[in-house]
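Breakdown of the fold
Here is what each chain is made of, one letter per residue.
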Amino acid sequence: MRDRPDDFDEELLRPALRDWGIEAATLDYAPVGFGDFHWIAGGHGGRRWFVTVADVRRQTYDGLRLAMETAAVLREEAGLEFVLAPLRAADGTPLRRLDGHRYAMSVFPYEEATGGDFGDELSPDERGHVIDLLAELHATPPPPSTPDRPVALTGRAGLEQALGDTTLPWLGGPYSEPAQDLIVQHAGTLRSRLAEFDRLAREPGDPVLTHGEPHPGNLLRAGERRLLIDWDTVGTAVPERDLWLVARDEEDFARYTKATGRAVDRDRLALYRLRWALDDVAEYVQWFRSPHGRTADAELSWDSLTGTLEELAR
């Protein structure tokens, strides 16, 4: 996130880091990503760690704990070297509550690497790199801690409520009224797309171990190495949950099929592409109906909402 959390005491991080054996000489906020908050902790001798703080109202603590445990096992036991997994604290767990209920912290190795952004377009060679990683991941037996990831829309109830009652004003902040007007304008498109989602979701498939969000923003390049980060969405689902974010053409599909023996289902690609867009809209609806200010993250959310609705209307 670009904005620091207003109600979070950063001094909670230093004593918590001691559970990982880390004495932080410096703590610098890192305005990257969207959803979680990040710091870079510096120790004596120049060593660094990447610290992530998650608001567990967005994803439950138990769900996040299972995801972090799964990522750790994939690196430690399954030997998947492209998994940038959380480090374990002294008691063997990869996640810590910080304030009793709202925030949880995980700690990662700091990598000298180049990251990307969500909307970046990968070259064919780079897509091939990622498809090979996904093929290896999808062939790996899921650890016992792996969550199931149903295809159902996470925020559907809130989105349908917003579509069903357009007279109740949104009063959360400066973007509330414009966002409500935008949802009303696109109500027909959203209802049509929800019906399309339901039609596409009727056909089940065989689940595999998936990352969930292997887009360029979650890919690090360190020389010839490629690392996937942000494993909080790891879980069992059909392969297309990952592939729609990477595969672009028949050559990509053939590469995946050759590596795994699995054909790529085009309808499921469309399903997960649509699911991503609708879940984004639902998240922004919740955001703008809730208290917010005119911040960098709110502006980014507004731009993303307008762009997503324009794409859905095409």
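Everything discussed here concerns the structure shown above.
As a starting point, this report considers the structure included with it. None of the values given here were measured: they were computed from a predicted structure.

1. A few points about the pairing of strand 5 (residues 103-109)
- With 6 of 7 residues buried, strand 5 is to be regarded as a mostly interior element.
- Here strand 3 (residues 48-55) runs beside strand 5; their pairing, made up of 7 bridges, is antiparallel. By the bridge assignment for strand 5, F50 is matched with F108.
- Taken together, the 2 bridges between strand 4 (residues 96-97) and strand 5 define a ladder with antiparallel strand orientation. Bridge pairing links R96 to M105 in strand 5.
- Between strand 4 and strand 5, which pair antiparallel and follow one another directly, the connecting turn spans 5 residues, one of which, G100, has a positive phi of 95°.

2. Some thoughts on the packing of helix 4 (residues 156-164) against helix 6 (residues 187-200)
- Running from amino to carboxyl end, helix 4 crosses helix 6 at an angle of 145°, the nearest separation of the two axes being 11 Å. Helix 4 and helix 6 meet at a crossing whose hand is left-handed. Between helix 4, through R156, L159, E160 and L163, and helix 6, the contact on the second element is made entirely by A187, L190, R191, L194, F197 and D198.
- Here the contact of helix 4 with helix 6 is composed, by residue class, of 6 nonpolar, no polar and 4 charged.

3. Let's talk about the nonpolar core
- Grouped together as the largest cluster of nonpolar side chains are 68 residues, with contacts concentrated most on L190, W231, V281 and L305.
- The element that contributes the greatest number of residues to this core is helix 9 (residues 266-289), accounting for 12 residues.
- Non-local contacts of V281, meaning those with residues more than four positions away in its chain, are made with L159, I183, L190, L305, T308, L309 and L312.
- Within the second largest apolar cluster, 20 residues are counted, among which are L13, L17, W49 and V51.

4. Examining the packing of helix 4 against helix 9
- Remark: helix 4 packs on helix 9, axes separated minimally by 9 Å, with the N-to-C direction vectors making an angle of 70°. Here helix 9 runs roughly perpendicular to helix 4, going by the angle between their axes. Here helix 4 runs over helix 9; the crossing is left-handed. Two secondary-structure elements touch here, helix 4 through G158, L159, Q161 and A162 and helix 9 through L278, V281, A282, V285 and R289.
- Classifying every residue of the contact of helix 4 with helix 9 by side-chain character gives 6 nonpolar, 2 polar and 1 charged.

Rules behind the numbers
Residues numbered from 1 in each chain as written. Predicted model: local features only at pLDDT ≥ 70, side-chain atom pairs only at ≥ 80, totals over all residues. Heavy atoms only, no water. Buried < 20%, exposed > 50% of the residue type's maximum accessible area, 1.4 Å probe, protein only. Helix = DSSP H or I, 4+ residues; strand = E, 2+ residues; numbered from the N terminus. Pairing = 2+ DSSP bridges. Axes fitted to C-alpha atoms, helices over the stretch in contact; angles between N-to-C directions. Left-handed = near helix turned anticlockwise from the far one by under 90°. Contact = heavy atoms within 4.5 Å. Nonpolar A, V, L, I, M, F, W, Y, C, P; charged D, E, K, R; others polar. Core = buried A, V, L, I, M, F, W, Y, C linked by side-chain atoms within 4.5 Å. Parallel < 35°, antiparallel > 145°, perpendicular 65-115°, else oblique.

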